[in-house]
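Per-entry structural report
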Amino acid sequence: MRRETFCEILGDLDARYVQEAGSARGAGRSRRLKWGAAAACLCLLLVLPLTAFAVDTLQYNAAVEYLTSLGIPAADLRGYSRSEVKEAARTIDAGEHTPLTESLLDCSSGSGGTAAAPAQVTSDQVRALTPAMTREEVLSLLGDTQDLGSGIYVYVYEVDQQYLLRIPFAGDDAQLGVTGEDLLRALTPISEDPASRRG
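Residues numbered from 1 in each chain as written. Predicted model: local features only at pLDDT ≥ 70, side-chain atom pairs only at ≥ 80, totals over all residues. Heavy atoms only, no water.

Quick word on the overall build of the protein
- Looking only at helices and strands, the protein has eight helices and five strands in total.
- Its helices and strands taken in sequence order, the protein reads α-α-α-α-β-α-α-β-β-β-α-β-α from the N to the C terminus.
- In the protein, once contacts between residues fewer than 6 apart in sequence are set aside, the share between residues at least 24 apart is 59%.
- Approximately 12,200 Å² of the protein is accessible, and the part contributed by carbon and sulfur atoms is 57%. (Helix = DSSP H or I, 4+ residues; strand = E, 2+ residues; numbered from the N terminus. Contact = heavy atoms within 4.5 Å. Areas by Shrake-Rupley, 256 points an atom, 1.4 Å probe, with all protein chains shown as cover.)

Right under this line is the structure:
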């Protein structure tokens, strides 16, 4: 119904009153929208940090579970930050090594690994490895060696009598997943290995 028609039915209302009523109704709606937007922003400010913390906690717990499955005692992880533990799990899972992962894997060797010394291999033997090779194929090519794993396999080889190479396998049917060239880039000099410094 048009305003003019309504005014005619109710009588002669001053158009000024009708206009004031319309603007007052718009102001209330505008005020409610502003408060609603402020409440939504406040909720986001509270929920986003909690969500980020929950995701971080899930990632950390998964990393601890993975590292303990490698034979690294959970008590040995307490001295590291959450980000270091998550990074170590990612690095080991990718088949790479850093000083942090070397020290963690050294912890696992002290908790039940075999006492055998690493087998001697050459760079050319390592270069011949392919991503599709299984644990048995790697052992047949490089030979039996020290296994630091507990629950999974972590084979240690001494390459060219200068470097240590650790090759992890999650199970009997697991594949290597990286090339021999990738493994050669991840070699650790024997002098930097935490286990050789103690001995």
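Here's the deal with the pairing of strand β4 (residues 163–169)
- Taking burial as the measure, the seven residues of β4 include six buried ones, the bulk of the element.
- Note that strand β3 (residues 153–159) and β4 share seven bridges and pair antiparallel. Bridge pairing links Y153 to F169 in β4.
- Taking the residues that link successive antiparallel strands as the turn, the β3-β4 hairpin has three residues, and the phi of D160 there is positive, at about 55 degrees.
- Taken together, the two bridges between β4 and strand β5 (residues 188–189) define a ladder with antiparallel strand orientation. If you follow Y163 over to β5, its bridge partner there is P189. (Buried < 20%, exposed > 50% of the residue type's maximum accessible area, 1.4 Å probe, protein only. Pairing = 2+ DSSP bridges.)

Brief notes about the side chain of T91
- Within the secondary structure, T91 is located in helix α3 (residues 82–93).
- Owing to a relative accessible area of 6%, T91 belongs among the buried residues under this scheme.
- Among all residues touching T91, those that are not within four sequence positions of it are E96, H97, T98 and T101.

Re the confidence of the model for the protein
- With 75% of its residues at a pLDDT of at least 70, the protein reaches an overall mean of 76.
- Within the protein, helix α8 (residues 194–198) has the poorest average pLDDT of any element, 47, and helix α5 (residues 123–127) the best, 91.
- In this model residues 111–115 is a low-confidence stretch, pLDDT under 50, and it forms six contacts with partners more than four residues away in sequence or in other chains. (pLDDT = per-residue confidence, 0-100.)

Structural notes on the packing of aromatic side chains
- In this structure the tally under the stated criterion is two aromatic pairs.
- Centroid distance Y153 to Y155: 5.8 Å. Interplanar angle 10 degrees. Geometry classified as stacked.
- Residue classification places Y153 among the partly exposed residues on the basis of a relative accessible area of 23%.
- Y155 sits in the buried class, given a relative accessible area of 5%.
- Ring-pair connections join several aromatic residues into one group, and the members of that group are Y153, Y155 and F169.
- When the ring centre of Y60 is taken as reference, the NZ or CZ atom of R82 above it lies at 4.7 Å. (Phe/Tyr/Trp six-rings, centres within 6.5 Å; stacked < 30°, edge-to-face > 60°. Lys NZ or Arg CZ within 6 Å of the ring centre and 35° of its normal.)

Re the pattern of salt bridges
- Under the definition given, this model contains seven salt bridges.
- Of the charged contacts, one joins R90 and E87 as a salt bridge, the two residues approaching to 2.9 Å between their closest N and O atoms. Of the two residues, R90 and E87 are both situated in helix α3; the distance of three residues between them amounts to about one turn of the helix.
- Salt-bridge contacts for R127 lead to E181; the nearest nitrogen and oxygen are separated by 2.6 Å. (Salt bridge = Lys/Arg side-chain N within 4 Å of Asp/Glu carboxyl O.)

Observations concerning the pairing of β3
- Of all seven residues in β3, six are buried, a share of seventy percent or more.
- Relative to β3, strand β1 (residues 119–121) runs parallel, the two being bridged by three bridges. Pairing of Q120 across the sheet is with E158, part of β3.
- Across two bridges, strand β2 (residues 146–147) lies against β3 in antiparallel orientation. Opposite D147, over in β3, you have Y155 as the bridge partner.

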